[in-house]
Amino acid sequence: MATRISEHFLREEFACNHCGELPYDPPRQLLEILEDLRAEFDSPVIITSGYRCPIHNRNVGGVKHSRHLEGDAADVKVKGVDPHDVYVFLDQRVGSLGGVGKYNSFTHVDTRGARARW
Ligand SMILES: [Zn+2]
Ligand SMILES: [Zn+2]
C-alpha cells in the first residue's frame, strides 16, 4: 500500500528504481523543497531517482559518495518546465542547505547540510 509522506508525494516514489528498497524516509527538508517546487510551477514533480542502493548507484555510474545512497537526494523533472528553470528555482530555494545539480533532462537536489552546486 502506498504511503503518503507529504501533500503530493508518496514514500514509494523515492524507492530504488532497481530493487524497490528504501531504508530511509526522505528528510522533511527535502520534501518541503519538493512541495515548494511543485507550488512554484503549479505542475507535478516527477522523481526520476530517489534512494539508490549501492548496486544501482554503480550501475548508473553514480559517484562513490552520492547523496542518493544516503536517501537525501532526488533527481526531478517538473512536468512541462525547462530543467534550467527548475535549477534556477532550486538554486535559490536550497541555498546553503544542500546540493543542486544541472543536467539536460532533470535536476538533482539534496539536503546534505552544506552548499554544493554543479
Ligand atoms: Zn536497488
Ligand atoms: Zn542526483
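Read on for a plain summary of the structure. It should be emphasised that the depicted structure is a prediction, and the values quoted were computed from it without experimental measurement.

What to know about the sheet that holds strand β5 (residues 99–102)
Phase 1 of the analysis: Sheet architecture is open: five strands sit in the order β3-β4-β6-β5-β7, paired in mixed fashion. Of all the strands in the sheet, just β3 (45–49) and β7 (116–117) have a single pairing partner and so form its edges.
Phase 2 of the analysis: As judged from the four bridges shared by β5 and strand β6 (residues 107–110), these two strands associate in the antiparallel manner. Among the inter-strand pairings, K102 is bridged to a residue of β6, identified as T107.
Phase 3 of the analysis: Packing of helix α1 (residues 28–41) onto the sheet brings it into contact with β3, β4 (73–78) and β6, and relative to β4 it is tilted by some 10°.
Phase 4 of the analysis: Its contacts with the sheet put helix α3 (residues 83–94) on β4, β5, β6 and β7, and the angle it makes with β5 is roughly 165°.

Some remarks on the coordination of the zinc ion (ligand 1)
Phase 1 of the analysis: Protein coordination at the zinc ion (ligand 1) comes from C16 (SG), H18 (ND1), C19 (SG) and C53 (SG), with a distance range of 2.1 to 2.4 Å.
Phase 2 of the analysis: Classification of the site at the zinc ion (ligand 1) rests on its four donor atoms, whose angles at the metal span 97 to 116°, yielding the label tetrahedral.
Phase 3 of the analysis: Sequence positions of the donors to the zinc ion (ligand 1) reduce to the motif C-x1-H-C-x33-C.
Phase 4 of the analysis: Exposure remark for C19: the relative accessible area of 37% places this residue in the partly exposed category.

Focus on the pattern of salt bridges
Pairing between side chains of opposite charge can happen when the charged atoms of each approach one another.
Phase 1 of the analysis: Tallied over the entire structure, the rule returns seven salt bridges.
Phase 2 of the analysis: Close ionic contact of D36 with R93 constitutes a salt bridge, the shortest N to O distance being 2.6 Å. Of this pair, D36 sits in helix α1 while R93 sits in helix α3, and the two are 57 residues apart along the sequence.
Phase 3 of the analysis: Note that R117 is salt-bridged to D91, the shortest N-O span being 2.7 Å. Pair noted here: R117 is in strand β7 and D91 is in helix α3, with a separation of 26 residues, a long-range link.
Phase 4 of the analysis: Three or more residues are tied together by salt bridges with common partners; here these are D91, R115 and R117.

What counts and what doesn't
- Residues numbered from 1 in each chain as written.
- Chains lettered and ligands numbered in written order.
- Predicted model: local features only at pLDDT ≥ 70, side-chain atom pairs only at ≥ 80, totals over all residues.
- Heavy atoms only, no water.
- Pairing = 2+ DSSP bridges.
- Helix = DSSP H or I, 4+ residues; strand = E, 2+ residues; numbered from the N terminus.
- Contact = heavy atoms within 4.5 Å.
- Axes fitted to C-alpha atoms, helices over the stretch in contact; angles between N-to-C directions.
- Donors = N, O, S within 2.8 Å, 3.2 Å for Na, K, Ca; no water.
- Tetrahedral: all angles 85-135°; square planar, octahedral: opposite > 155°, others 65-115°.
- Buried < 20%, exposed > 50% of the residue type's maximum accessible area, 1.4 Å probe, protein only.
- Salt bridge = Lys/Arg side-chain N within 4 Å of Asp/Glu carboxyl O.

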